[in-house]
Amino acid sequence: MDWIFDHLQIFVFVLIGIGSLVKTVLESKANAERESEARDINPRKLTGPDKSYRKTIKANIPPKSVKQAAAPPIREIGYEEAAAIETARALKHQHDLAERLRQIRENKATTSGGAAATRARISSHGAIKQMPSPPLSVRARLRDPAELRRAF
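Because the structure is a prediction, the values reported are computed rather than measured.

Trainee: Would you explain a nonpolar patch on the surface in this entry?
Mentor: On the surface, a nonpolar cluster with roughly 580 Å² of combined accessible area is contributed by Trp3, Ile10, Val14, Ile18, Val22 and Leu26. With five residues, the top contributor of residues to the nonpolar patch is helix H2 (residues 8-39). With respect to the helices and strands, the residue Ile10 is situated in helix H2.

Below is the structure:
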């Protein structure tokens with residue numbers, strides 16, 4: 001027991017090696033069983049149609065009465081009809097998106113004033129403001145915060 005604690009790393013590596021060997025043996029047995037089952041399948045069953053998906057479900061459905069109307073039969077659509085329906089949906093979606101974009105642009109033009117107003121706002125921000133003429137008296141200069149800053 002002392003040897004195990006003295007050489008714990010070696011003991012762990014040996015346990016891991018034994019575990020991996022057991023795992024590979026079990027996996028190989030499982031693969032062999034699957035292959036043997038695949039070979040045992042009757043080739044005639046493979047060539048014929050598979051009807052295993054056609055299981056009938058028995059439910060507690062009351063029989064149809066004479067007064068109940070039969071549901072209309074479901075019509076299968078062809079590839080061309082399906083493609084036409086999908087194309088119509090895509091065109092309607094594009095039309096809706098174009099209408100939304102038009103409304104957004106119209107709303108932006110009315111709220112922000114358009115490109116001309118934006119250019120005017122930008123140019124006014126950069127314009128130099130007209131400075132009022134400096135007051136002549138010392139008392140008036142001391143009342144102006146900008147003059148006080150300039151003085152310090």
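Trainee: So what exactly am I meant to see when it comes to the pattern of salt bridges here?
Mentor: A pair can form between side chains of opposite charge whenever their charged atoms are brought close. Taken as a whole and assessed by the stated rule, the structure comprises five salt bridges. A salt bridge links Arg102 to Glu99; the nearest nitrogen and oxygen atoms lie 2.4 Å apart. One end of the pair, Arg102, and the other, Glu99, are both in helix H4 (residues 79-112), three residues apart, so they sit about a helical turn from each other. Residue Glu99 is classed as partly exposed on the basis of its relative accessible area, which comes to 30%.

Procedures and definitions
Residues numbered from 1 in each chain as written. Predicted model: local features only at pLDDT ≥ 70, side-chain atom pairs only at ≥ 80, totals over all residues. Heavy atoms only, no water. Patch = residues over 30% accessible without salt bridge, like charges linked within 9 Å, V, L, I, M, F, W, Y side chains within 5 Å. Areas by Shrake-Rupley, 256 points an atom, 1.4 Å probe, with all protein chains shown as cover. Salt bridge = Lys/Arg side-chain N within 4 Å of Asp/Glu carboxyl O. Helix = DSSP H or I, 4+ residues; strand = E, 2+ residues; numbered from the N terminus. Buried < 20%, exposed > 50% of the residue type's maximum accessible area, 1.4 Å probe, protein only.

Honestly, that's just the spatial picture; any functional story needs more than this.
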